[in-house]
Amino acid sequence: MALNIVKLAVGAETIDDLVRWQNRCLAASQRATGKAELVHTTFQTPRRQDEVLAGGSLYWVIKGIIQVRQRLIGFEDGQKENGSPCCLFVLDPELVVVKGKARRPFQGWRYLKPEDAPPDLAGLQDGAERLPPAMQRELAELGLL
């Protein structure tokens, strides 16, 4: 089983916010390089890259709930705008909604074991995806979701 990564979607209030931000990033990449590639910049480089690239995903925490994931398809060395080195997480543009799972705030990113990753909502019939994020968070914290 592949290892995953979990990260806060800082500034995103909803999945739609994340989609809009990533669409802007794809458009900027297309203009700058002629190739639409979705990358996320982070300071720390994962040491367990092979395990993550064996089918792992980046799980996004939005408003205290893991709500969506994207398959990680590569890692590259990069530079931030100020010239400092960074790691680029290369992401599959497809967002997959997952069953909400509460997650406390943290800095950077963390590994997420397969057994701790929430399941995809596709095929689940509990209706949790239609609940507002705040309610999903409260229910998840109570262990009811």
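In case you missed it, the structure is sitting above this.
Here's what I pulled together on the structure shown here. (Residues numbered from 1 in each chain as written. Predicted model: local features only at pLDDT ≥ 70, side-chain atom pairs only at ≥ 80, totals over all residues. Heavy atoms only, no water.)

1. A closer look at the pairing of strand E1 (residues 4–8)
For E1, a buried count of four out of five residues is recorded, marking the element as mostly surrounded by other parts of the structure. The sheet contact formed by E1 and strand E7 (residues 109–112) spans four bridges and is antiparallel. Residue pairing across strands places valine 6 opposite arginine 110, the latter belonging to E7. Pairing of E1 with strand E3 (residues 57–62), which is carried by four bridges, proceeds in the parallel orientation. Looking across to E3, one finds that leucine 8 is bridged to valine 61. (Buried < 20%, exposed > 50% of the residue type's maximum accessible area, 1.4 Å probe, protein only. Helix = DSSP H or I, 4+ residues; strand = E, 2+ residues; numbered from the N terminus. Pairing = 2+ DSSP bridges.)

2. Section: the packing of aromatic side chains
Summed over the entire model, instances satisfying the criterion amount to four aromatic pairs. Relative to tryptophan 60, the ring of tryptophan 21 lies with its centre 6.4 Å away and its plane at 80°, an arrangement referred to as edge-to-face. Note that tryptophan 21 is positioned in helix H1 (residues 15–33) and tryptophan 60 in strand E3, a separation of 39 residues in sequence. Tryptophan 21 gets classed as partly exposed once you look at its relative accessible area, which sits at 32%. Note on phenylalanine 75 and phenylalanine 89: the rings are 5.3 Å apart at their centroids and 85° apart in plane angle, and the pair reads as edge-to-face. Of this pair, phenylalanine 75 sits in strand E4 (residues 65–79) while phenylalanine 89 is found in strand E5 (residues 85–91), placing the two residues 14 residues apart along the sequence. Taken individually, phenylalanine 75 and phenylalanine 89 each receive the classification buried, so the pair is uniform in this respect. One aromatic cluster is present, formed by Phe75, Phe89, Trp109 and Tyr111 through successive ring pairs. Across from the ring centre of tyrosine 111, 5.2 Å away, lies the NZ or CZ of arginine 48, which sits over that ring. (Phe/Tyr/Trp six-rings, centres within 6.5 Å; stacked < 30°, edge-to-face > 60°. Lys NZ or Arg CZ within 6 Å of the ring centre and 35° of its normal.)

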